[in-house]
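Here is how the chains run, residue by residue.
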Amino acid sequence: MIIREIQKEDNAKIKEIIQDSLKKLGLAIPGTAYFDPQLSDLHDYYNNLKHAQYWVVEIEGEVVGGIGIAPFNEPDNVCELQKLYLSEKTQGYGMGKKLMETALSFASKHYAKCYLETKQELKTACILYEKFSFNLLAKPLSGSEHSAMDAWYIKELD
C-alpha cells in the first residue's frame, strides 16, 4: 500500500470511486460530493488552494481510494476533511485509518480544527471519525455546501 499526493492522471479513477460509492449508498443526489463541480479535476482543485492536499492510496499500481484536506473557515483556522472514499473491494483493511493519519498530520501543521460532514447511516465512517477524536455537532458549521449530510464532526488539532 502506497499513500501519495494525487496526480493529474488519478482524476478519473478517484471520480469513479467517489461516484460509484455514492451510487451504491443511494446518495447520487444533489447536496453530496457526487455533484461537486471540482470532482473531475481534484488534482488542480487541491493544488490551487492554500494549505490543501488530496492523497490517493494505491495497491499494486491501482488507485483504490483517497482523502483530502482543504480550508473551510480561514478566519477561525478550520479545515475540512473531504472525500474519504475507498473502492468497495478494499474496505475493511485499515486503509481508511492510514489515510486519516496522513490527512490529519498535514492538517495539524496548518489548522487549529478539522471539520467534516457525513451521513449518520454511514456507521463505519462515523466510528472511524470518533476513533480519531472527532466530536459530533448538533448542526453544520456555517458555510457548509453539502445539504444532504446529517452528521457533522469537529476535531481540535494538535
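Our subject is the structure listed above.
Being a predicted model, the structure only gives us computed values, none of them experimental. (Residues numbered from 1 in each chain as written. Predicted model: local features only at pLDDT ≥ 70, side-chain atom pairs only at ≥ 80, totals over all residues. Heavy atoms only, no water.)

Trainee: Honestly, the overall build of the protein chain in this entry has me stumped. Any pointers?
Mentor: When its secondary structure is counted, the protein chain shows four helices and seven strands. Written out in order from the N terminus, the α and β elements of the protein chain read β-α-α-β-β-β-α-β-α-β-β. Here the C-alpha radius of gyration of the protein chain, 14 Å, is about what a compact globule of 158 residues would show, namely 15 Å. A principal-axis box enclosing the C-alpha atoms of the protein chain has dimensions of 40 × 30 × 30 Å. Out of the 158 residues in the protein chain, the part that is buried amounts to 49%. For the protein chain, restricting intrachain contacts to residue pairs at least 6 apart in sequence, the fraction spanning at least 24 positions comes to 64%. For the protein chain, the exposed surface amounts to about 8,300 Å²; the carbon and sulfur share of it is 49%. (Helix = DSSP H or I, 4+ residues; strand = E, 2+ residues; numbered from the N terminus. Rg over C-alpha atoms; globule rule 2.2 N^0.38 Å. Buried < 20%, exposed > 50% of the residue type's maximum accessible area, 1.4 Å probe, protein only. Contact = heavy atoms within 4.5 Å. Areas by Shrake-Rupley, 256 points an atom, 1.4 Å probe, with all protein chains shown as cover.)

Trainee: I tried to follow the nonpolar core on my own but got confused; where do I start?
Mentor: Nonpolar side chains in soluble globular proteins tend to end up buried together. Ile69, Leu81, Met100, Tyr129 and Phe134 are the most contacted members of the largest nonpolar core, which has 28 residues in total. Of all the secondary-structure elements, those providing two or more residues to this core are β2 (53-59), β3 (62-73), β4 (78-86), α3 (95-108), β5 (113-118), α4 (123-131) and β7 (151-156). Take this core: its biggest share by element is seven residues, from α3. Among residues more than four places away in sequence, those in contact with Met100 are Ile67, Leu81, Leu84, Leu128, Tyr129, Phe132 and Phe134. (Core = buried A, V, L, I, M, F, W, Y, C linked by side-chain atoms within 4.5 Å.)

Trainee: It is not clear to me how the sheet that holds β3 should be interpreted in this structure. Could you clarify?
Mentor: Pairing between the strands of a sheet comes from backbone hydrogen bonds, and it takes one of two forms, parallel or antiparallel. Across the sheet, which stays open at both edges, the seven strands sit in the order β1-β2-β3-β4-β5-β7-β6 with mixed pairing between neighbours. The two strands at the open ends of the sheet, each matched to only one other strand, are β1 (2-5) and β6 (135-137). Direction aside, the axes of adjacent strands within the sheet are offset by 30° on average. Where β1 meets β2, four bridges bridge the pair, whose relative direction is antiparallel. Bridge assignment links Ile2 to a residue of β2, and that residue is Glu58. Here helix α1 (residues 11-24) sits on the sheet and contacts β2, β3 and β4; the angle it forms with β3, its principal contact strand, is near 85°. (Pairing = 2+ DSSP bridges. Axes fitted to C-alpha atoms, helices over the stretch in contact; angles between N-to-C directions.)

Trainee: Sorry if this is basic, but what is going on with the environment of Ala112 here?
Mentor: Mapped onto the elements, Ala112 comes out in the loop between α3 and β5. For Ala112, a relative accessible area of 29% translates into the label partly exposed. For the pair formed by Ala112 and Asn77, sequence separation is 35 residues and the distance between their alpha carbons is 5.5 Å. Setting aside chain neighbours within four positions, we find Ala112 in contact with Asn77, Lys155, Glu156 and Leu157.

Trainee: Where do I start with the pairing of β3 in this structure?
Mentor: Along any regular strand the residues' side chains alternate between the sheet's two faces. Judged by how many residues are buried, β3 sits mostly within the fold: nine of 12 residues are covered. In the sheet, β2 pairs with β3 via seven bridges, with the strands oriented antiparallel. Bridge pairing in β3 links Glu58 to Val63. Remark: two residues form the turn of the hairpin made by β2 and β3, two consecutive strands paired antiparallel; Glu60 in that turn has positive phi of roughly 50°. Pairing between β3 and β4: seven bridges, direction antiparallel. Opposite Gly65, over in β4, you have Leu86 as the bridge partner.

Trainee: Where do I start with α4 in this structure?
Mentor: Side chains of residues three or four places apart in an α-helix project in the same direction, reflecting 3.6 residues per turn. Residues of α4 that are buried include every one of Ala125, Cys126, Leu128 and Tyr129, and no others. For α4, the arc enclosing every buried residue in end-on projection is 160°, short of the 170-degree limit, so these residues lie on one face. More than 90 degrees from the buried face of α4, the exposed residues found are Lys123, Thr124 and Lys131. Ser133, located one to two residues past α4, shows a positive phi value of around 65°. (Arc of directions from axis to C-beta.)

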